[in-house]
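Survey of secondary and tertiary structure
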Amino acid sequence: WAGDAYQSFLFNYYSFFDVEINRRTLWALLGKEPFTHYINHIQDYSYFWFISLYDHYFYTGDISFLRSIFPRAVKALNFCMDQIGDDGFVRGDPYRDWVFIDWVDMPRNGVVSAEQILFCVALKKMAYLAAVLGYKDLSEKFKSVSERLKEAIFKLFYNVEKGFFYNNAVDGKV
């Protein structure tokens, strides 16, 4: 339910600004170590979690919470980065993980562009948070992976003439 929480966090910042419930939810969703699967076994929900952590800091400036949760967030992100294949794209285990994105009927086989885009954004947000906390090397690492992924996304999925991204690629073909 991390994807649902992402939307709820945003609504909460606007309507109630109940920071404590967001903190508790972020901790709960992160789960236990070691990280052996995506949050809720859903790739995109994991990426939304990292974006939610960034949003929490953006809306609250809560540096103490960020300091407390960041080491575990890095371990979760390292798990995600370990899922990057030789082609530079992140994947899940087809027998364990789910590519959700939306309830719409769409191909989810191969490499799904929306997953890659969300992961790219998550890396960029974590690079920012690492810089805020003074972890320059970590920030550069996340930024570098994000930039390489962005380049690969545009190379494989983006159709310049039509101005859109293809949904997925199987064996390197969209």
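For the structure itself, look to the data block above.
Residues numbered from 1 in each chain as written. Predicted model: local features only at pLDDT ≥ 70, side-chain atom pairs only at ≥ 80, totals over all residues. Heavy atoms only, no water.

1. What about the nonpolar core?
Side chains that are nonpolar tend, in soluble globular proteins, to be buried together. If you look at the biggest cluster of nonpolar residues, it comprises 52 residues, and the most contacted ones within it are Trp49, Leu53, Phe119 and Met126. At the level of secondary structure, the elements contributing two or more residues to this core comprise helix 1 (2–15), helix 2 (19–30), helix 3 (43–60), helix 4 (63–81), helix 5 (113–132) and helix 6 (136–157). Among all residues touching Phe119, those that are not within four sequence positions of it are Tyr47, Leu77, Cys80, Met81, Ile84, Val90 and Leu149. (Core = buried A, V, L, I, M, F, W, Y, C linked by side-chain atoms within 4.5 Å. Buried < 20%, exposed > 50% of the residue type's maximum accessible area, 1.4 Å probe, protein only. Helix = DSSP H or I, 4+ residues; strand = E, 2+ residues; numbered from the N terminus. Contact = heavy atoms within 4.5 Å.)

2. Things to note about the pattern of salt bridges
Counting across every chain of the model gives 7 salt bridges. For the salt bridge of Lys75 with Glu33, the shortest nitrogen-to-oxygen distance reads 3.1 Å. With Lys75 in helix 4 and Glu33 in the loop between helix 2 and helix 3, this pair connects stretches of sequence that are 42 residues apart. For the salt bridge of Asp97 with Arg96, the shortest nitrogen-to-oxygen distance reads 3.0 Å. Given the relative accessible area of 11%, Asp97 is considered buried. Three or more residues joined by partner-sharing salt bridges are found here, namely Glu20, Arg23, Arg24 and Asp62. (Salt bridge = Lys/Arg side-chain N within 4 Å of Asp/Glu carboxyl O.)

3. Description of the packing of aromatic side chains
In this structure the tally under the stated criterion is 22 aromatic pairs. Taken together, a centroid distance of 6.1 Å and an interplanar angle of 55 degrees make the contact between Tyr13 and Phe17 tilted. Assessed through its relative accessible area of 8%, Tyr13 is described here as buried. Ring geometry for Phe154 versus Tyr158: centroids 5.3 Å apart, planes at 55 degrees, classification tilted. Judged by its relative accessible area of 39%, Phe154 is partly exposed. Stacked on the ring of Tyr54, the Lys or Arg Lys125 has its end atom at 4.0 Å from the ring centre. (Phe/Tyr/Trp six-rings, centres within 6.5 Å; stacked < 30°, edge-to-face > 60°. Lys NZ or Arg CZ within 6 Å of the ring centre and 35° of its normal.)

4. Notes on the packing of helix 5 against helix 6
Packed helix pairs are characterised by how far apart their axes lie and by the angle those axes make with each other. At a minimum axis separation of 8 Å, helix 5 and helix 6 run at an interaxial angle of 160 degrees. Taken together, helix 5 and helix 6 sit at an angle that is classed as roughly antiparallel. In this structure, helix 5 meets helix 6 at a crossing whose hand is left-handed. Contact residues: Ser113, Gln116, Ile117, Phe119, Cys120, Leu123, Lys124, Met126, Ala127, Ala130 and Ala131 in helix 5; Leu138, Ser139, Phe142, Lys143, Val145, Ser146, Leu149, Lys150, Ile153 and Phe157 in helix 6. Looking at the contact of helix 5 with helix 6, its residues break down into 14 nonpolar, 4 polar and 3 charged. (Axes fitted to C-alpha atoms, helices over the stretch in contact; angles between N-to-C directions. Parallel < 35°, antiparallel > 145°, perpendicular 65-115°, else oblique. Left-handed = near helix turned anticlockwise from the far one by under 90°. Nonpolar A, V, L, I, M, F, W, Y, C, P; charged D, E, K, R; others polar.)

5. Comments concerning the side chain of Asn22
One can find Asn22 in helix 2. Given the relative accessible area of 3%, Asn22 is considered buried. Within polar-contact distance, the side chain of Asn22 engages the side chain of Tyr13 at 3.4 Å. Non-local contacts of Asn22, meaning those with residues more than four positions away in its chain, are made with Phe9, Asn12, Tyr13 and His56. (Polar contact = N/O pair within 3.5 Å; in protein donor to acceptor, adjacent residues only side chain to side chain.)

6. Some details on helix 6
With 22 residues, helix 6 should cover 32 Å at 1.5 Å per step; its first-to-last C-alpha distance of 31 Å lies within 8% of that length. Turning to helix 6, its buried residues are Ser139, Phe142, Val145, Ser146, Leu149, Ala152, Ile153 and Phe157. Buried residues in helix 6, looked at end-on, bunch into an arc of 165 degrees, giving them a common side. With respect to the buried face of helix 6, the exposed residues turned more than 90 degrees away are Lys136, Asp137, Arg148, Glu151 and Lys155. On its buried face, helix 6 is in contact with helix 4, strand 1 (111–112), helix 5, strand 2 (158–159), strand 3 (164–165) and strand 4 (168–169). (Expected span 1.5 Å × (residues − 1). Arc of directions from axis to C-beta.)

The values reported here are purely geometric and, on their own, carry no functional implication.
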